[in-house]
Amino acid sequence: MRGQVSRRTIFAFIGPAVFGLAIVGIAPLLYAAWTSLHFFNLTKLKRVEFIGLENYWTVLTDEVFWQAMGRTFFLLGTALPLQLVLGLGIALVLHKPGLTILKTLARLGLVLPMATTYAVVGLLGQVMFNQKFGVVNQLLGGANINWIGDPTNAFAMIIFWDVWQWTPFVALVLLAGLTMVPGEVEEAARLETKSWWKVLRYVQLPFLLPGLVAVLILRTADTLKLFDMVFTLTRGGPGAATEFISLMIQRVGFRGFDQGLASAQAIILLIITIFLAQIYIRVFYKEV
Amino acid sequence: MRLGKLLCSAALASVMVTGATAVSYAWSLAEAAKPYAGTTVDVVFLLRPGYDAIEAMLPAFEAETGIKVNVIKHPYENALGEQVRDFVAGGDLDVALIDLVWIGNFAENDWILPIDKFTSNPDLVDPELDIDDFFPLVLNAFGGWNGTTYGLPVDNYSGLLFYNSCMLKDAGFDGPPETWTELKDVYGPALTKDGKYAFALQSKRNETQSADSFARVIWPFGGSFLDENFKSNLNSPESQAGLQFRQDLMKYMPDGIVAYDHSEVVNAFAQGDVAMITEWSAFYSGVMSPETSKVADCVEIAPEPKGPAGRKPALGGFSMSVAAQADENEQAAAWLFIQWATSKANSGEYLERGGVPARQSAYADPALAETYKFVPALVESWQDGVPEFRPRFAEWPEVTEIVQEWGTKIMLGEVTTEEGATEIGTRMEAVLDAAGYYSGDKPLAQ
């Protein structure tokens with residue numbers, strides 16, 4: 001018995017966490033799954049009825065849903081590489097020896113964009129990218145660029161803000177990975193070669209991979225549920241140019257009040273997210 | 001014995017008659033509210049001048065009645081969702097604030113009560129209520145659904161043409177355009193120059209796109225959302241003429257007009273960058289104040305221009321109705337509040353404080369036009385509006401999302417007016433079909 005922990009103790013420690021997770025995570029998920037199988041419109045509650053998989057069929061055959069999904073993955077495919085490249089660059093610079101005070105200040109500065117509320121970023125964007133009075137056009141020499149009202153520019157603006165806000169996160173995670181490299185190994189490698197690329201590829205990258213996988217999973221999940229910033233900045237417009245999948249689900253569920261259809265969309269999104277996370281883990285952890 | 005009975009009956013009858021008369025003469029808000037003193041009424045207000053006006057007047061109501069009014073403020077865009085969630089969850093709201101297009105939804109869900117319940121109670125009804133004093137169009141459009149009156153109008157607007165008389169004069173015009181075509185073909189080219197624009201039409205992808213932009217151009221050209229069979233009428237020559245007109249007019253508007261909401265067009269007008277806008281009367285105080293407007297001295301107001309089918313101006317605004325979920329005391333207190341806020345007696349002060357009452361008597365004094373330039377145009381517009389300017393049925397929240405998306409795509413040139421109208425029509429009909437309009441389950445009421 002010595003060294004063994006009783007069942008009661010295990011339940012006492014883990015039970016509250018499991019109970020909390022069940023209340024705030026599992027129960028709403030089950031309710032969403034139940035809702036997705038019903039015609040469930042908040043303004044037509046007298047007509048709630050079981051309709052099987054009809055909501056899922058509607059979602060899967062709705063071209064607007066897939067357009068929003070495509071837009072979301074295009075955002076992920078453009079913003080994430082930029083964040084990785086810029087984040088890695090920042091991490092490598094901060095990893096270099098010397099200039100300790102400046103590096104500490106830089107690390108603190110990196111936290112600021114992440115600490116800014118998404119909705120505030122969107123509101124800032126509205127002001128800064130205003131065609132007539134915005135500081136961005138002023139900085140571009142008084143240019144008359146229509147940022148918010150042009151579909152392409154509006155999308156570019158969203159990419160800019162996403163990169164601005166989340167590159168620091170990538171940088172800090174990768175910096176933590178770089179500090180995991182044993183000093184003597186890195187020093188020996190630098191004596192062997194002058195190529196920074198070889199040091200990065202063969203010495204530092206293996207230590208960065210767990211962090212990279214975490215970044216990929218978290219940023220993918222974050223992009224798939226990106227809502228506040230876009231909602232306050234463009235509200236999905238102009239047209240549907242910035243209507244990402246989360247905005248579409250919110251529109252269907254809370255502006256059209258069709259909770260059944262929105263739940264089906266959310267469940268499908270959840271399945272896609274889990275699937276992607278599995279791929280990331282299998283592909284990248286294999287390399288480790 | 002018989003004589004005695006007769007005398008007794010006569011005496012009783014006379015007491016009842018005089019008593020009733022005495023009640024009607026003696027009615028006062030303070031007396032009516034006595035049983036409900038201490039009751040709290042929860043009401044939704046918007047972040048707009050018309051609600052600031054009522055809020056400023058509230059202390060007088062609370063002091064006289066002992067009823068506490070708890071104001072919950074929302075931006076317009078959140079107001080529907082917040083109220084729907086409150087009603088679905090059986091929340092605390094006692095007074096519903098109902099946009100023109102929400103009334104069918106609220107009434108069909110039994111979330112609000114017909115005013116008959118209160119107007120039939122002499123203890124609660126103000127003898128001065130005078131329901132006929134409300135502009136009939138406004139009372140019908142904002143407070144009525146399917147022949148029943150649920151709410152009393154508050155913070156009501158008509159679309160008006162705000163124009164910068166100085167810019168028009170400099171361009172050689174003595175007055176505003178009479179027709180939309182004149183605005184585009186004559187005023188447009190003359191006023192669009194040197195970084196200034198003739199016109200700005202708020203068209204952001206939210207209710208603004210549906211109400212202020214899309215609907216505004218189809219009605220004056222003879223179009224409509226639906227025909228008499230509730231099928232899409234958006235591909236009719238008239239609706240198409242209106243939508244094509246909007247495309248043609250865009251060259252006299254600022255770039256990126258699809259990103260302009262009310263605040264952007266009002267600001268552009270107030271800064272002197274745009275010569276004309278069509279906006280709600282509620283924005284009058286903002287453009288007339290030298291603190292917020294560079295052109296306050298130049299602002300003049302006219303009814304919206306006419307189209308081939310007449311003026312058909314935009315109609316917007318709200319009514320307040322008693323929520324069915326409130327308990328009996330709260331319902332009575334809520335009714336007393338609504339009756340007071342929309343009363344004839346208070347309409348003058350409401351107007352002075354920046355609100356727009358829907359009482360005909362409030363505008364009876366011709367001198368008002370000198371103080372409030374929007375009054376003559378507003379009164380004229382309320383004679384010629386369309387109650388179903390936006391259909392008021394319960395399905396509007398779904399339909400408006402479709403209109404917002406495809407209306408914006410039309411403006412951006414991503415689809416033609418015909419393609420966009422076809423998409424909206426197909427999707428709108430699918431919503432109406434699912435709701436049971438085509439199978440005869442629901443009456444064709446809008």
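What counts as what
Residues numbered from 1 in each chain as written. Chains lettered and ligands numbered in written order. Predicted model: local features only at pLDDT ≥ 70, side-chain atom pairs only at ≥ 80, totals over all residues. Helix = DSSP H or I, 4+ residues; strand = E, 2+ residues; numbered from the N terminus. Rg over C-alpha atoms; globule rule 2.2 N^0.38 Å. Contact = placed C-beta atoms within 7 Å. Buried ≥ 20, exposed ≤ 12 C-beta atoms within 10 Å, placed from the backbone. Pairing = 2+ DSSP bridges. Right-handed = clockwise from strand over helix to strand, strands pointing away. Domains from an automatic or database assignment. Core = buried A, V, L, I, M, F, W, Y, C linked by C-beta atoms within 7 Å. pLDDT = per-residue confidence, 0-100.

## Focus on the overall build of chain B
Thought 1: When its secondary structure is counted, chain B shows 19 helices and 10 strands.
Thought 2: Relative to the compact-globule value of 22 Å for 446 residues, chain B shows a C-alpha radius of gyration of 24 Å, a close match.
Thought 3: When its C-alpha atoms are laid out on the principal axes, chain B stretches across 95 × 55 × 40 Å.
Thought 4: Intrachain contacts of chain B at a sequence separation of at least 6 include 76% that bridge at least 24 residues.

## A look at the overall build of chain A
Thought 1: Scanning chain A from terminus to terminus reveals 12 helices and 2 strands.
Thought 2: For chain A, the N- to C-terminal ordering of α and β elements is α-β-β-α-α-α-α-α-α-α-α-α-α-α.
Thought 3: By principal-axis analysis of the C-alpha atoms, chain A measures approximately 75 × 75 × 30 Å.
Thought 4: Going through the 288 residues of chain A one by one, you find that 32% of them count as buried.
Thought 5: Sequence separation of at least 24 residues holds for 68% of the intrachain contacts in chain A that already meet a minimum separation of 6.

## Brief notes about the pairing of strand β1 (residues 40–46) of chain B
All names here are of chain B.
Thought 1: Burial analysis of β1 places 5 of its 7 residues in the buried class, the great majority of the element.
Thought 2: Sheet topology places β1 next to strand β2 (residues 68–74); 7 bridges connect them, and they run parallel. Looking at β2, one finds that Asp42 is bridged to Asn70.
Thought 3: A crossover connection joins β1 to the parallel β2 through helix α3 (residues 49–65); in handedness this β-α-β unit is right-handed.

## Some words on the environment of Leu140(A)
Thought 1: One can find Leu140(A) in the loop between α6 (135–139) and α7 (151–179).
Thought 2: Sequence separation between Leu140(A) and Thr242(A) is 102 residues, and the spatial gap between their C-alpha atoms is 24 Å.

## Quick look at the environment of Pro136(B)
All names here are of chain B.
Thought 1: By the secondary structure assignment, Pro136 is in helix α7 (residues 136–143).
Thought 2: Taking the C-beta count within 10 Å as the criterion, Pro136 has 13 such neighbours and is therefore assigned partly exposed.
Thought 3: The spacing of Pro136 and Arg359 is 223 residues in sequence and 9.6 Å in space, taken between C-alpha atoms.

## Section: the domain arrangement of chain B
Often the size quoted for an interface is simply the accessible area lost on bringing the parts together.
All names here are of chain B.
Thought 1: Domain parsing of chain B yields domain 1 (28–156 + 317–376) and domain 2 (158–315 + 385–435).
Thought 2: Each of domain 1 and domain 2 has a C-alpha centre, and these two points are 28 Å apart.
Thought 3: If you look at the interface, domain 1 gives 20 residues, while domain 2 gives 17 residues.
Thought 4: Of all the elements in the fold, those that place two or more residues in the side of domain 1 that touches domain 2 are α3, α4 (76–88), α5 (103–108) and α7.

## Topic: the pairing of strand β3 (residues 95–99) of chain B
On any regular strand, side chains alternate: one points to one face of the sheet, the next to the other face.
Residue and element names in this part refer to chain B.
Thought 1: Most of β3 is tucked away: 5 of the 5 residues are buried.
Thought 2: Here 5 bridges tie β3 to strand β10 (residues 315–322), and the two strands are oriented antiparallel to one another. When the bridges of β10 are listed, Ala96 appears paired with Ser321.

## Here we look at the interface of chain B and chain A
Thought 1: Taken together, the contact pairs 22 residues of chain B with 20 residues of chain A.
Thought 2: Elements represented by at least two residues in the side of chain B that touches chain A include exactly α4 and α18 (396–412) of chain B.
Thought 3: Ranked by residues supplied to the side of chain B that touches chain A, first place goes to α18(B) with 7 residues.

## Observations regarding the nonpolar core
All names here are of chain B.
Thought 1: Formed by 190 residues in total, the largest nonpolar core has its most connected members in Val95, Phe199, Ala200, Phe269, Val274, Leu336 and Phe337.
Thought 2: Built from parts of two domains, this core gets at least three residues from each of domain 1 (28–156 + 317–376) and domain 2 (158–315 + 385–435).
Thought 3: The residues touching Phe199, leaving out its near neighbours within four places in the chain, are Leu183, Gly188, Leu249, Tyr252, Met253, Val274, Ala275 and Met276.

## What to know about the confidence of the model for chain B
When pLDDT drops low, the exact placement of atoms in the prediction is not to be read closely.
All names here are of chain B.
Thought 1: Mean pLDDT over chain B: 89, with 94% of residues reaching 70 or higher.
Thought 2: Low confidence marks residues 10–24, where pLDDT is under 50. Its contacts with residues over four positions away, or in another chain, come to 3 contacts.
Thought 3: Predicted complex metrics record ipTM = 0.74 and pTM = 0.79.

## Side note on unusual backbone geometry
Thought 1: Of note, the phi angle at Asp194(B) is positive, near 55°, even though the residue is not glycine.
Thought 2: Take Asp194(B): it is sitting in the loop between α9 (180–191) and β7 (197–200).

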